Amino acid sequence: MTVTTLDLCADPGLLSVEAARATVAALVAGPVGAETLPFAELRGRVTAEPTMSPTPLPPFDHSAMDGYALADLGLRHVLRGRLAAGSAGARETLKPGDAVRIFTGAPMPPGAIAVVMQERVTREGDVVALRTAVEQGANIRRRGEDVSAGDLLVPAGALIDARHLAILAASGVERVAVRRKVVIGLLSTGDELIEHGRPLTPGRIHDANRPMLLGILSTPAHEVIDYGIAPDDPAELTQLLIEAGRRCDALVTSGATSVGEEDHLAAAVAAAGGQLGLAKVALKPGKPIVAGRVGGAALVGLPGNPFAALVGQMLIGRVVLERLAGLEPRPLAPLSAVAAFGQKGPGGRTEFAPAALVGTDPSGLPRVEKLGRGGSARLAPLIAADGLAVIPAGHDEVKPGDAIGFLPFRAALEV
Ligand SMILES: Nc1nc2c(c(=O)[nH]1)N[C@H]1C(S)=C(S)[C@@H](COP(=O)(O)OP(=O)(O)OC[C@H]3O[C@@H](n4cnc5c(N)ncnc54)[C@H](O)[C@@H]3O)O[C@H]1N2
Ligand code: MOO
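About the criteria used
Residues numbered from 1 in each chain as written. Chains lettered and ligands numbered in written order. Predicted model: local features only at pLDDT ≥ 70, side-chain atom pairs only at ≥ 80, totals over all residues. Helix = DSSP H or I, 4+ residues; strand = E, 2+ residues; numbered from the N terminus. Rg over C-alpha atoms; globule rule 2.2 N^0.38 Å. Buried ≥ 20, exposed ≤ 12 C-beta atoms within 10 Å, placed from the backbone. Contact = placed C-beta atoms within 7 Å. Axes fitted to C-alpha atoms, helices over the stretch in contact; angles between N-to-C directions. Parallel < 35°, antiparallel > 145°, perpendicular 65-115°, else oblique. Left-handed = near helix turned anticlockwise from the far one by under 90°. Nonpolar A, V, L, I, M, F, W, Y, C, P; charged D, E, K, R; others polar. Core = buried A, V, L, I, M, F, W, Y, C linked by C-beta atoms within 7 Å. Domains from an automatic or database assignment. Near = placed C-beta within 6 Å. Pairing = 2+ DSSP bridges. Arc of directions from axis to C-beta. pLDDT = per-residue confidence, 0-100. Expected span 1.5 Å × (residues − 1).

A.B. asks: Sorry, what's going on with the overall build of the protein here?
C.D. replies: The secondary structure content of the protein amounts to 8 helices and 28 strands. For the protein, whose C-alpha radius of gyration is 30 Å, the value lies well above the compact-globule estimate of 22 Å for 415 residues. Counting only C-alpha atoms, the protein reaches 95 × 50 × 45 Å along its principal axes. The 415 residues of the protein split such that 43% are buried. Put simply, 71% of the contacts in the protein that link residues at least 6 apart link residues at least 24 apart.

And the structure:
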């Protein structure tokens, strides 16, 4: 059987992380289709169309302070009424010398030109005496000063979070067109793996990658189909790939990417009528990443070692899912930090290592301490880590105080 390969790695050397991200992103022709959802179901979904505001925000002129609405800028006024937030507003227009007791959020009475804060006045019965002059328009929030009717509220390709919910709710938008959920098949490979929750037998280990990847991929924008553990059996793996290629937009696997005789992924993808390419990425850990297509699905094959799989998904696999979901892949932009450690290397590969934030240096940059002694199979150092230290390729040695990068888990693990 001939294995059809994609030319992911035309260069005989290692692909840079950025080049690998671009190559893998190009496997996806475009985003999945769209559907229209009610407001309550929008969180975590990706907008498919821009939403324009049906109304100005704020919808009417109102007071920004608790105080007095004034008909003119004189220092002495007579109180004519009271307006609280939620009131439908005053009907009568103020006359010169008039003031109205007003509270934050209440509609401006007709004829009022400024609001004075209550701390700036002396009250004697119905007389309001200003201690200092106010300017015209002071403390008035104008209709439409935040958003005009017809303004762009949320562009297409936005991952809807609390900010978007706030402005959509404020504008009374009830339905939004979003990308349908990206259907992701998830698969672990390896005869040594046992499902979490089942007892171990000699020589076998629990599958850690699928629960980890489920933890990353289970978002409102995705529907994950769990294909379980595939044994190191080419025929069985081929059948699974054919089925997943029919149902899924993307397939994320771990293991079997390497060169061992039991690493059957490439042959199984070819037997399933797909194409696969091996990208040797200048990345430590996670060097072997395979990507391709099977049926209608883009396939990302992560290395078997759990930390390598995590790094591969965070840095490279996610661009496939972002493209399918209609999100512009976010550039890999580690924060500037300084090393609180010294080490040799990483030489020609960019190294990612579990790391904790340990204060700041004199210039205010975060100091980053590397955790654990390396190794792509170790999980324990991740638990105390705040994110990943990023040591750029080309360093033969890192000394304490050297400039490095830091990728916080919070930003990196959200999809
Ligand atoms: N001769 C070579 N051997 C290896 C090379 C190489 O270049 N030449 N690369 C090494 C590197 S780097 C990595 S990473 C691994 C990648 O191997 P595979 O993607 O084929 O992964 P496996 O061989 O299936 O597994 C590697 C390791 O990870 C454990 N594993 C696998 N799946 C899971 C899982 N779901 N949960 C927990 N642990 C898992 C597996 O038992 C192995 O110990 O290849 C190196 N070898
Ligand atoms: O680079 Mo492997 O991906 O070390 O674990």
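This is not the end of the story, as more comes after the structure.
A.B. asks: Just checking my understanding: could you explain the packing of helix α3 (residues 209–217) against helix α6 (residues 306–325) for this structure?
C.D. replies: At a minimum axis separation of 10 Å, α3 and α6 run at an interaxial angle of 25 degrees. With respect to each other, α3 and α6 are oriented roughly parallel. Note that α3 runs across α6; the crossing there is right-handed. Across from Asn-209, Met-212, Leu-213 and Ile-216 in α3, the residues of α6 making contact are Pro-306, Ala-309, Leu-310 and Gln-313. Of the residues contributing to the contact of α3 with α6, the split by class is 6 nonpolar, 2 polar and no charged.

A.B. asks: Explanation requested: the nonpolar core in the structure shown.
C.D. replies: Where a protein is soluble and globular, its nonpolar side chains tend to be buried together. Of all hydrophobic cores here, the largest spans 89 residues; its most connected members are Ala-250, Val-269 and Val-320. Here Val-320 is in contact with Val-24, Ala-25, Leu-27, Val-28, Ala-250, Ala-298 and Val-300, once residues within four sequence places are set aside. One finds Ala-69, Ala-71, Ala-106 and Val-115 within the second-largest nonpolar core, a separate group that totals 20 residues.

A.B. asks: Would you explain the domain arrangement of the protein in this entry?
C.D. replies: We note that the domain assignment places domain 1 (17–32 + 181–325), domain 2 (36–56 + 156–179), domain 3 (62–141) and domain 4 (335–413) within the protein. Its C-alpha centre places domain 2 at a distance of 36 Å from the equivalent point of domain 3.

A.B. asks: Looking at this model, I keep getting lost on the site of ligand 1. Mind explaining?
C.D. replies: The environment of ligand 1 is formed by 26 residues, the closest being Asn-209, Gly-255, Ser-258, Pro-303 and Gly-304. Looking at the shell around ligand 1, the elements that each hand over two or more residues are α3 and α6.

A.B. asks: Sorry, what's going on with the site of ligand 2 here?
C.D. replies: Near ligand 2 the following residues occur: Lys-284, Pro-285, Gly-286, Lys-287, Pro-303, Asn-305, Ala-308 and Ser-376. Split by residue class, the shell around ligand 2 holds 3 nonpolar, 3 polar and 2 charged.

A.B. asks: What exactly am I supposed to notice about the sheet that holds strand β9 (residues 127–130) here?
C.D. replies: Two pairing modes exist for strands in a sheet, parallel and antiparallel, and in both the strands are linked by backbone hydrogen bonds. Spatial strand order, β7-β4-β6-β5-β9-β8: 6 strands in an open sheet with mixed pairing. Two strands lie at the open edges of the sheet, namely β7 (114–117) and β8 (121–124), each paired on one side alone. The mean angle between the axes of side-by-side strands here comes to 35 degrees, regardless of whether they run parallel or antiparallel. Here 4 bridges tie strand β4 (residues 67–70) to strand β6 (residues 98–102), and the two strands are oriented antiparallel to one another. When the bridges of β6 are listed, Leu-70 appears paired with Ala-99.

A.B. asks: Where do I start with helix α1 (residues 17–25) in this structure?
C.D. replies: Each α-helix winds once per 3.6 residues, and so residues spaced three or four apart point in a common direction. Inspection of α1 places Val-17, Ala-20, Arg-21, Thr-23 and Val-24 among the buried residues, and these make up the whole buried set. Taken down its axis, α1 places every buried residue within 165 degrees of arc, on the same side. In this structure, the buried side of α1 is in contact with β18 (275–280), β19 (283–284), β20 (288–294), β21 (297–302), α6 and β24 (350–360).

A.B. asks: When you look at the packing of α1 against α6 in this model, what are you seeing that I'm missing?
C.D. replies: Two quantities define a packed helix pair, namely the angle between the axes and the distance from one axis to the other. Between α1 and α6, whose axes approach to 9 Å, the crossing angle comes to 30 degrees. Crossing angle aside, the handedness with which α1 passes α6 is right-handed. From α1, Val-17, Ala-20, Arg-21, Val-24 and Ala-25 reach across to α6, where they touch Leu-315, Ile-316, Val-319, Val-320 and Arg-323.

A.B. asks: Help me understand the environment of Glu-119 in this model?
C.D. replies: With respect to the element layout, Glu-119 can be found in the loop between β7 and β8. A C-alpha to C-alpha distance of 79 Å links Glu-119 and Pro-234, two positions 115 residues apart in sequence.

A.B. asks: What is the right way to read unusual backbone geometry from this model?
C.D. replies: With glycine set apart, most residues show a phi of negative sign, and most peptide bonds adopt trans. Of note, the bond from Leu-57 into Pro-58 is cis; its omega dihedral lies within 30 degrees of zero at -15 degrees. Locating Pro-58 in the fold gives a position in the loop between β2 (51–52) and β3 (62–63). Looking along the chain, the bond that leaves Lys-284 and enters Pro-285 is cis, with omega of 0 degrees. Turning to its location among the elements, Pro-285 is positioned in the loop between β19 and β20.

A.B. asks: Would you explain the environment of Asp-263 in this entry?
C.D. replies: One can find Asp-263 in the loop between β17 (250–254) and α5 (265–271). On the basis of neighbour count, Asp-263 is assigned to the partly exposed category, with 19 C-beta atoms found within 10 Å. Expressed as a C-alpha distance, the spacing of Asp-263 and Gln-313, which sit 50 residues apart in the sequence, is 19 Å.

A.B. asks: Just checking my understanding: could you explain the sheet that holds β17 for this structure?
C.D. replies: Read across the open sheet, the 6 strands follow the order β16-β13-β17-β21-β20-β18; overall the sheet is mixed. Each edge of the open sheet carries a strand with a single partner, namely β16 (222–230) and β18. Ignoring which end each strand starts from, the neighbouring axes of this sheet average 20 degrees apart. Relative to β17, strand β13 (residues 182–189) runs parallel, the two sharing 5 bridges. Among the inter-strand pairings, Leu-187 is bridged to a residue of β17, identified as Thr-253. Where α3 meets the sheet, it contacts β13, β16 and β17, and its direction lies at approximately 165 degrees from that of β13. On the sheet, helix α4 (residues 234–247) packs against β13, β16, β17, β20 and β21 and is oriented at approximately 170 degrees with respect to β16.

A.B. asks: Please clarify how the confidence of the model for the protein should be interpreted in this entry.
C.D. replies: When pLDDT is low, close inspection of the predicted coordinates is not appropriate. Chain-level pLDDT for the protein is 92 on average; 95% of the residues reach the 70-or-more range. Reported confidences for the modelled complex are a pTM of 0.90 and an ipTM of 0.94.

A.B. asks: Teacher, can you tell me more about α4 here?
C.D. replies: When the terminal C-alpha atoms of α4 are compared, their 20 Å separation across 14 residues agrees well with the 20 Å that a helix rising 1.5 Å per residue should span. Those residues of α4 that sit buried are Leu-237, Thr-238, Leu-240, Leu-241, Ala-244 and Gly-245. Looking straight down α4, one finds its buried side chains confined to an arc of 165 degrees; they lie on one side. Exposed and facing more than 90 degrees away from the buried side of α4 are Ala-235 and Arg-246.

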